[in-house]
Amino acid sequence: MSANAAEFGFIRRFLYEKSAIQVGADKDYLIESRLTPVLRKHGLTDFGGLVRRLRANGSDALSVDVLDAMTTNETYFFREPAVFDQLVREVLPNLMSTRAASRRLHIWSAACSTGQEPYSLVMHMRERLPQLRDWQVQVLASDVSPSCLAQARAGVYRQLEVNRGLPAPYLLKYFVRRGLDYVLKDEIRNAVEFRALNLAGNWPIDIRPDLVLMRNVLIYFDLATKTAILGKVRKVLAGDGYLVLGAAETTLNIDPAFERVTQGVYRLRNAATNSRKGSSR
Ligand SMILES: C[S@@+](CC[C@H](N)C(=O)[O-])C[C@H]1O[C@@H](n2cnc3c(N)ncnc32)[C@H](O)[C@@H]1O
């Protein structure tokens, strides 16, 4: 099925308005290939019908499926492994020392895709920071894609997925085989709470995270959206908390309130003062 220029234009604007995702005019083929199965699923025979439906109701099941299909969900276990090591070697121990009184940690994996990111961190914390067992560690993970969240909640991964980045000892220890799939054990699965959250919309999160992982998602947004999102991170993040971005992302020239601590890891410029003031809650 193919769309005309006006239909492509409408779909691009729709995606931008709903999720801030930008699909360039050179990516029309992507719109066609990803949305053709959505059209079929909803009994539509052409893109004209899709546009009419989206115009009439921009927040029904069809629009959710359109957004879902247009997100790029590439992820894998321990993506950029140096970052995970940095988290258990420095970032989390630092947070633990300032929160020793409350023994509470709040972590938010924003744009978690199919769950490999938060689950990697939980497994790594189990192995490398066993003292956290006595702590209350809340791990919240969110994404705009309902199909990603469904897989993340189920904790079921294909052979190909566990072959990408997951250390063999973790596979043996934390997964059980079911047919061709690998199912995450409840002790890890239950440690993460998944929620739908559109970074371009309101953020109904009720925690003040000490650590925010927002990796490989800002790259899809324009400067205005990146600025707005980093401004919102600044508001929710604990004063001495950490923000982790993907390797191709930075706060530099976008939000001067953040400074780089090390590759991929950022903090508010006055984090040390915030830390001395005490952030244990
Ligand atoms: C490339 S994946 C990155 C996943 C993981 N953070 C990683 O680094 O491996 C980007 C994720 O961002 C999500 N995403 C895109 N736009 C979003 C938005 N407006 N709000 C929340 N999530 C969004 C997509 O659904 C996708 O799962």
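Quantities reported herein were computed from a predicted structural model and do not represent experimental measurements. (Residues numbered from 1 in each chain as written. Predicted model: local features only at pLDDT ≥ 70, side-chain atom pairs only at ≥ 80, totals over all residues.)

Observations regarding the packing of helix α1 (residues 5-19) against helix α4 (residues 61-70)
Here's step 1: Direction vectors running N to C along α1 and α4 enclose 90°, while the axes themselves pass 11 Å from each other. Relative to α4, α1 is oriented roughly perpendicular. On α4, the residues touching Leu-15, Lys-18 and Ser-19 of α1 are Ser-63, Leu-67 and Met-70.
Here's step 2: Considering only residue class, the contact of α1 with α4 consists of three nonpolar, two polar and one charged. (Axes fitted to C-alpha atoms, helices over the stretch in contact; angles between N-to-C directions. Helix = DSSP H or I, 4+ residues; strand = E, 2+ residues; numbered from the N terminus. Parallel < 35°, antiparallel > 145°, perpendicular 65-115°, else oblique. Contact = placed C-beta atoms within 7 Å. Nonpolar A, V, L, I, M, F, W, Y, C, P; charged D, E, K, R; others polar.)

Examining the nonpolar core
Here's step 1: With 71 residues, the main nonpolar core has Val-122, Val-212, Met-214 and Leu-243 as its most contacted residues.
Here's step 2: For this core, the element with the most residues is helix α5 (residues 81-98), which contributes six residues.
Here's step 3: Mapping this core onto the domain boundaries places at least three of its residues in each of domain 1 (5-70) and domain 2 (81-277).
Here's step 4: With residues near it in sequence (within four places) discarded, Leu-243 still touches Val-212, Met-214, Val-233, Leu-237, Phe-258 and Tyr-266. (Core = buried A, V, L, I, M, F, W, Y, C linked by C-beta atoms within 7 Å. Buried ≥ 20, exposed ≤ 12 C-beta atoms within 10 Å, placed from the backbone. Domains from an automatic or database assignment.)

What to know about the packing of α5 against helix α6 (residues 116-128)
Here's step 1: In the contact formed by α5 and α6, the axes pass within 10 Å of each other and the chain directions differ by 55°. As far as their axial angle goes, α6 and α5 are oblique. Two packed elements cross with a definite hand, and for α5 against α6 that hand is right-handed. Residue-level contacts link Phe-84, Leu-87, Val-88 and Leu-92 of α5 to Ser-120, Leu-121, His-124, Met-125 and Arg-128 of α6.
Here's step 2: A class-by-class count of the residues in the contact of α5 with α6 yields six nonpolar, two polar and one charged. (Left-handed = near helix turned anticlockwise from the far one by under 90°.)

Some remarks on the pairing of strand β4 (residues 175-178)
Here's step 1: Where β4 lies against strand β5 (residues 181-184), four bridges are found, and the strand directions are antiparallel. Pairing of Val-176 across the sheet is with Val-183, part of β5. (Pairing = 2+ DSSP bridges.)

Considering the domain arrangement of the protein chain
Here's step 1: Examined at the domain level, the protein chain breaks down into domain 1 (5-70) and domain 2 (81-277).
Here's step 2: Averaged C-alpha coordinates put domain 1 and domain 2 at centres separated by 30 Å.
Here's step 3: Between domain 1 and domain 2, the contact holds seven residues from the first and 10 residues from the second.
Here's step 4: Taken together, the residues of the side of domain 1 that touches domain 2 break down into four nonpolar, two polar and one charged.

Re helix α3 (residues 47-56)
Here's step 1: Restricting attention to buried positions, one finds in α3 the residues Phe-47, Leu-50 and Val-51. Summarising the axial view, the buried residues of α3 lie within an arc of 95°, below the 170-degree limit, and thus occupy one face.
Here's step 2: Considering only its buried residues, α3 is in contact with α1 and α2 (28-41). (Arc of directions from axis to C-beta.)

Observations regarding the environment of Thr-251
Here's step 1: By the element assignment, Thr-251 lies in the loop between β8 (242-245) and β9 (258-262).
Here's step 2: On the basis of neighbour counts, which here come to 22 C-beta atoms within 10 Å, the residue Thr-251 falls in the buried class.
Here's step 3: With 15 residues separating them in the primary sequence, Thr-251 and Tyr-266 have C-alpha atoms 8.0 Å apart.
Here's step 4: Among residues more than four places away in sequence, those in contact with Thr-251 are Leu-230, Phe-258 and Tyr-266.

Points about the sheet that holds strand β7 (residues 211-214)
Adjacent strands of a sheet pair through backbone hydrogen bonds, lying either parallel or antiparallel.
Here's step 1: The strand order across the open sheet formed by seven strands is β6-β2-β1-β7-β8-β10-β9, and the pairing between neighbours is mixed. Edge positions in the sheet fall to β6 (192-196) and β9, since each of these pairs with one other strand and no more. Across the sheet, the mean angle from the axis of one strand to that of its neighbour is 25°, orientation sign disregarded.
Here's step 2: Bridge analysis of β8 against strand β10 (residues 265-268) gives three bridges, and the strand direction is antiparallel. Considered in β10, the bridge of Val-244 is made with Val-265.
Here's step 3: Its contacts with the sheet put helix α7 (residues 146-154) on β2 (136-143) and β6, and the angle it makes with β6 is roughly 165°.

Notes on the environment of Leu-54
Here's step 1: Considering the arrangement of structural elements, one finds Leu-54 in helix α3.
Here's step 2: Assessed through the 18 C-beta atoms surrounding it within 10 Å, Leu-54 is described here as partly exposed.
Here's step 3: Setting aside residues up to four positions removed in sequence, Leu-54 forms contacts with Phe-14, Leu-62, Ser-63 and Val-66.

Quick word on unusual backbone geometry
Here's step 1: We note that Ala-111 has phi near 65°; this positive angle belongs to a residue other than glycine.
Here's step 2: Mapped onto the secondary structure, Ala-111 falls in the loop between β1 (104-110) and α6.
Here's step 3: Given 24 C-beta atoms within a 10 Å radius, Ala-111 is considered buried.
Here's step 4: Its identity is not glycine, yet Asn-216 carries a phi of approximately 60°, on the positive side.

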